[in-house]
Amino acid sequence: MQKKEGEQLQKATISFVISALIGFGLGYLVFDVIMGDSGSGQQTEQADNSQKSEAKEESTDTKEAKTVSVDDDNILNKKGCLGCHAVESLELQGGAVGPDLSKAFVNVEGKHGKPIEEFLKQPTSAVMSGVISKNPLTDDERKQVLELLKEASEK
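Note that the structure is a prediction, hence the values are computed from the model and not measured. (Residues numbered from 1 in each chain as written. Predicted model: local features only at pLDDT ≥ 70, side-chain atom pairs only at ≥ 80, totals over all residues. Heavy atoms only, no water.)

Undergrad: What is the right way to read the overall build of the protein chain from this model?
TA: A count of helices and strands for the protein chain gives six helices and zero strands. Split into buried and exposed, the 155 residues of the protein chain put 22% on the buried side. Within the protein chain, residue pairs in contact and separated by at least 24 positions form 42% of the contacts whose partners lie at least 6 positions apart. When the accessible area of the protein chain is evaluated, it comes to approximately 11300 Å², of which 57% is carbon and sulfur surface. (Helix = DSSP H or I, 4+ residues; strand = E, 2+ residues; numbered from the N terminus. Buried < 20%, exposed > 50% of the residue type's maximum accessible area, 1.4 Å probe, protein only. Contact = heavy atoms within 4.5 Å. Areas by Shrake-Rupley, 256 points an atom, 1.4 Å probe, with all protein chains shown as cover.)

Here you go:
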């Protein structure tokens, strides 16, 4: 008799777990995937359009030296640097996870113990070592990054 009750309890527990997983899965599907995409896509598109129009207005209003914008086809966009870093001196909005790169051209050696040219080849920080090893820079790309960071440090 105890064996029969144990089997019934085990079946009930398994049924409960399966039902809970199905319920959470359906909830995720309905509320996050289906309903979440319909609103966020429009919001993202609107934000992108407003940023582009602001960038166009700035470029027509000021006739100063050319600055790089997020919309430009620059190396920091191409290599994904702006996913973690911003470059405020060039008005490049990016992620907030990594430090702002406005003064990286002059500060990297003091902070990481090697010139920026070498740091971009073999970083001394654990995070950047992983990033660079997965997505290494060619010599030409490294040159472009250095030129952009030098320009940023001079502003």
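Next comes the rest of the write-up.
Undergrad: What exactly am I supposed to notice about a nonpolar patch on the surface here?
TA: On the surface, a nonpolar cluster with roughly 380 Å² of combined accessible area is contributed by I14, I18, I22 and L26. Inspection of the secondary structure assignment puts L26 in helix 1 (residues 2-61). (Patch = residues over 30% accessible without salt bridge, like charges linked within 9 Å, V, L, I, M, F, W, Y side chains within 5 Å. Salt bridge = Lys/Arg side-chain N within 4 Å of Asp/Glu carboxyl O.)

Undergrad: What exactly am I supposed to notice about the packing of helix 3 (residues 104-112) against helix 6 (residues 139-153) here?
TA: When two helices pack together, their arrangement is given by the angle between the helix axes and the distance between those axes. For the pair helix 3 and helix 6, the least separation of the axes is 8 Å and the interaxial angle reads 100 degrees. Considering the angle they form, helix 3 stands roughly perpendicular to helix 6. When helix 3 is examined against helix 6, the residues A104, F105 and V106 are found in contact with a partner set consisting of L146, L149, K150 and S153. For the contact of helix 3 with helix 6, the per-class residue count stands at five nonpolar, one polar and one charged. (Axes fitted to C-alpha atoms, helices over the stretch in contact; angles between N-to-C directions. Parallel < 35°, antiparallel > 145°, perpendicular 65-115°, else oblique. Nonpolar A, V, L, I, M, F, W, Y, C, P; charged D, E, K, R; others polar.)

Undergrad: So what exactly am I meant to see when it comes to the nonpolar core here?
TA: For soluble globular proteins, the rule of thumb is that nonpolar side chains tend to be buried together. Residues L76, V87, I116 and V145 are the most contacted members of the largest nonpolar core, which totals 20 residues. Broken down by secondary-structure element, the contributors of at least two residues to this core are helix 2 (75-78), helix 3, helix 4 (116-119), helix 5 (126-134) and helix 6. Among the elements that line this core, the one with the most residues is helix 6, at five residues. Excluding its chain neighbours within four sequence positions, the residues that come into contact with I116 are A104, F105, V108, L146 and L149. (Core = buried A, V, L, I, M, F, W, Y, C linked by side-chain atoms within 4.5 Å.)

Undergrad: Before we go on, may I ask you to explain unusual backbone geometry in this structure?
TA: Note: most residues except glycine have negative phi, and most peptide bonds are trans. The phi dihedral of E91 falls on the positive side, at around 60 degrees, and the residue is not glycine. Along the chain, E91 falls in the loop between helix 2 and helix 3. Looking at E91, the relative accessible area reads 47%, which means it is partly exposed.

Undergrad: Help me out: how do you make sense of the side chain of S125 in this one?
TA: Note on placement: S125 falls in the loop between helix 4 and helix 5. From its side chain, S125 meets the backbone nitrogen of M128 in a polar contact 3.2 Å long. Dropping the residues within four chain positions of it, S125 is found in contact with H112 and F119. (Polar contact = N/O pair within 3.5 Å; in protein donor to acceptor, adjacent residues only side chain to side chain.)

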